[in-house]
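Architecture at a glance
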Amino acid sequence: MLADRIEAKWIDAFCEIFERCAVKAGDTAAILSETQSRALNVHLAELALLRMGARPFHVVMPTPRNRNIVPVRSTGASEAIQKLGPVITALQQAGFVVDCTIEGLMHAVETPEILKAGARILVISNEHPEALERMVPDPALEKRVRAAAKMLRGTKRMQVTSKAGTALDVDMVGASTVGVWGWTDKPGTLAHWPGGIVVSFPKSGTINGTLVMAPGDINLTFKRYLTSPVKMTLKDDYVVELEGEGTDAAMMRAYLAAWGDREAYAVSHVGFGMNPGARYEALSMYDQRDTNGTEIRAVSGNFLFSTGANEFAGRYTAGHFDLPMMGTTIELDGVAVVRDGVLQDVFG
């Protein structure tokens, strides 16, 4: 296996993102990792913080055993902390937490407690730094993501259509919306790098219609571009039918069924990518162990549809699909924000 050399340019990139997170000389920073974390990113985080004059310390947890029947990927719900009180306390007191766990703390059960104490968390997605260095901070992106999040919070209805046959209706009243531009400088908040995504978690019983994934759309749980159509019928949030003749549909049916959990079939969140620097073809450029697919989630103009846990609808499960779709039209209260896969110029 090729061993990666630490590059000065990668330290530069980490310094740039930490500067956006308002890290200053003398600040205490916790680097949270696990025994199976990408060691290269852990080292780069430490070197960047030291270069900036911060005072980093490491919290390294044993990677817990996967007790599920299937492999777990891209959940955003790391189990590394294992609810250990001393670890939670250390992260609360750090002020700034660099999250290098494999899955990330976005939906981890311990995260609200850490954020409530005023810590800010930057999740460094489990990507090779070659991908991270391309996704540098962009102040203009922050402005657009903020505007999109504001628009989604005021939206009553989202409609998603496509030439492939998608016709999805989402009641957005009461949905919880999150915009991520790639860094956080506010106490009690979390962001992930790369960024450029806006997603909403709808309330229970709000999503109905048909979702058709076309060849070239992506299943990020499997880290694969689809080669055949997959049609999903949704009723009151749940996938009640999943049709398709190819390998893609067969794998999805098998994976969902393996959980033995109805909630795995429910919708987690809906949203779209906004980062003009994120590349659709990037998934083909890296070995599977070298990418977590966050760049693909952020590709400008995609429709990001996900199944699995949605705490705002009272649903919890470890089963999760992230399914970026290209070529859709997304309308918010009749205003097209994405048209045929192209993000429209409505967010400044």
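Conventions adopted
- Residues numbered from 1 in each chain as written.
- Predicted model: local features only at pLDDT ≥ 70, side-chain atom pairs only at ≥ 80, totals over all residues.
- Heavy atoms only, no water.
- Pairing = 2+ DSSP bridges.
- Helix = DSSP H or I, 4+ residues; strand = E, 2+ residues; numbered from the N terminus.
- Contact = heavy atoms within 4.5 Å.
- Axes fitted to C-alpha atoms, helices over the stretch in contact; angles between N-to-C directions.
- Buried < 20%, exposed > 50% of the residue type's maximum accessible area, 1.4 Å probe, protein only.
- Salt bridge = Lys/Arg side-chain N within 4 Å of Asp/Glu carboxyl O.
- Domains from an automatic or database assignment.
- Buried area = accessible area lost by both parts, 1.4 Å probe.
- Nonpolar A, V, L, I, M, F, W, Y, C, P; charged D, E, K, R; others polar.

Another point: the sheet that holds strand S6 (residues 167–171). Spatially, 8 strands are ordered S14-S13-S10-S6-S5-S18-S19-S20 in an open sheet, and the strand pairing comes out antiparallel. Only two strands of the sheet have a single neighbouring strand rather than two, namely strand S14 (238–243) and strand S20 (342–343). As judged from the 5 bridges shared by strand S13 (residues 230–235) and S14, these two strands associate in the antiparallel manner. Following the sheet pairing, Lys235 is matched in S14 by Tyr238. Helix H7 (residues 247–259) contacts S13 and S14 of the sheet and is inclined by roughly 145° relative to S14.

Mapped onto the fold, Thr206 is located in the loop between strand S9 (197–201) and strand S10 (207–213). Judged by its relative accessible area of 9%, Thr206 is buried.

Here we take up the pattern of salt bridges. A full pass over the atoms with the stated rule returns 11 salt bridges. For the salt bridge of Asp12 with Arg51, the shortest nitrogen-to-oxygen distance reads 2.5 Å. Of this pair, Asp12 sits in helix H1 (residues 8–20) while Arg51 is found in helix H2 (residues 39–51), placing the two residues 39 residues apart along the sequence. On the accessibility criterion, Asp12 (36% relative accessible area) is partly exposed. Note on Arg51: relative accessible area 47%, which makes it partly exposed. Of the charged contacts in the structure, one is a salt bridge between Glu295 and Arg134, with a shortest N-O distance of 2.7 Å. In this pair, Glu295 sits in helix H8 (residues 294–297) while Arg134 sits in the loop between helix H5 (129–132) and helix H6 (139–153), placing the two residues 161 residues apart along the sequence. A relative accessible area of 36% places Arg134 in the partly exposed class.

Here we take up the domain arrangement of the protein. Assigned domains within the protein: domain 1 (8–124) and domain 2 (137–180 + 194–343). For domain 1 versus domain 2, the separation of C-alpha centres amounts to 26 Å. With 13 residues of domain 1 in contact, the opposing surface of domain 2 contributes 17 residues. Both sides together, the interface formed by domain 1 and domain 2 hides about 1,300 Å², and carbon and sulfur atoms give 54% of it. Summed over the shared surface of domain 1 and domain 2, the number is 1 salt bridge. Close ionic contact of Asp290 with Arg38 constitutes a salt bridge, the shortest N to O distance being 3.1 Å. In terms of residue class, the side of domain 1 that touches domain 2 is made up of 5 nonpolar, 4 polar and 4 charged.

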